[in-house]
Amino acid sequence: MLHLLYILAFTTIAVLAVRNLIRSLLTVGLESQSLSSNRGSSSRDSHSKSRRIPHPELLDESGNFIDEPLLVMRSVNVQEAREQLDAIYNSEVGSTGETRDEKSK
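Being a predicted model, the structure only gives us computed values, none of them experimental.

Okay, the overall build of the protein chain next. Assigned secondary structure in the protein chain consists of four helices and zero strands. Its helices and strands in sequence order give the protein chain the pattern α-α-α-α, from N to C terminus. Each of the 105 residues in the protein chain was classed as buried or not, and the buried ones make up 2%. Accessible surface computed for the protein chain: about 10200 Å², of which carbon and sulfur atoms make up 60%.

Overall, the predicted model of the protein chain reaches an average pLDDT of 79, with 73% of residues at or above 70. Confidence, expressed as mean pLDDT per element, reaches its minimum in the protein chain at helix α2 (residues 44-50) with 52 and its maximum at helix α1 (residues 2-40) with 89.

This paragraph deals with the environment of L70. Along the chain, L70 falls in the loop between α2 and α3 (78-95). What makes L70 exposed here is its relative accessible area of 58%. When the C-alpha atoms of L70 and E57 are compared, they prove to be 9.0 Å apart, with 13 residues separating the residues in sequence. Aside from chain neighbours lying at most four places away, what touches L70 is E57 and L58.

Procedures and definitions
Residue indices begin from 1 for each chain and proceed along its sequence in written order. In view of the model being predicted, local features appear only for residues whose pLDDT reaches at least 70, and side-chain atom pairs are presented and counted only at 80 or more, with totals across whole chains, interfaces and linings using the full set of residues. As a rule here, side-chain values cover all heavy atoms of the structure and leave hydrogens and water aside. Runs of E in the DSSP output that reach at least two residues are strands. Runs of H or I that reach at least four are helices, and both are numbered from the N terminus. Throughout this description, buried means an accessible area under 20% of the type-specific maximum (1.4 Å probe, protein chains only), exposed means over 50%, and partly exposed covers the range between. Exposure was quantified through the Shrake-Rupley algorithm and a 1.4 Å probe, taking into account, for residues, occlusion by the shown protein chains and nothing else. By definition, pLDDT measures how confident the predictor is in each residue, and it falls between 0 and 100. By the convention used here, residues are in contact when the closest approach between their heavy atoms is within 4.5 Å.

Right under this line is the structure:
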C-alpha cells in the first residue's frame, strides 16, 4: 500500500513539473515573438511598452549602462597559481614582522 502511495505522489509531482515546464516554454516563446514583432513596428508607443527596467547591477552610480564586462576570467596554470598564493602568503607573514621559522616555533 505504501508503494502505491509513493508511486502516486511521484507521478503527481512529475506531471506538475512537466506542466510547469511546458507553460514556461510557451510563455518564453510568446514573449520572444511579441518582442520581435514590436521591434519591426515604427511606432514609439509599442517600443516604449516593451522596454523593461534593467537590472541594477548593469547600471553605474549615475544610472548609465556599464559597457565593460562584469566578469573576466583568465586561464592560469597550476604553477602560476601556486606562485601567486605563495606570494600572498609570504606578504601576509612578512607584514606582521614574523618569518615562517619564527611562526613555527
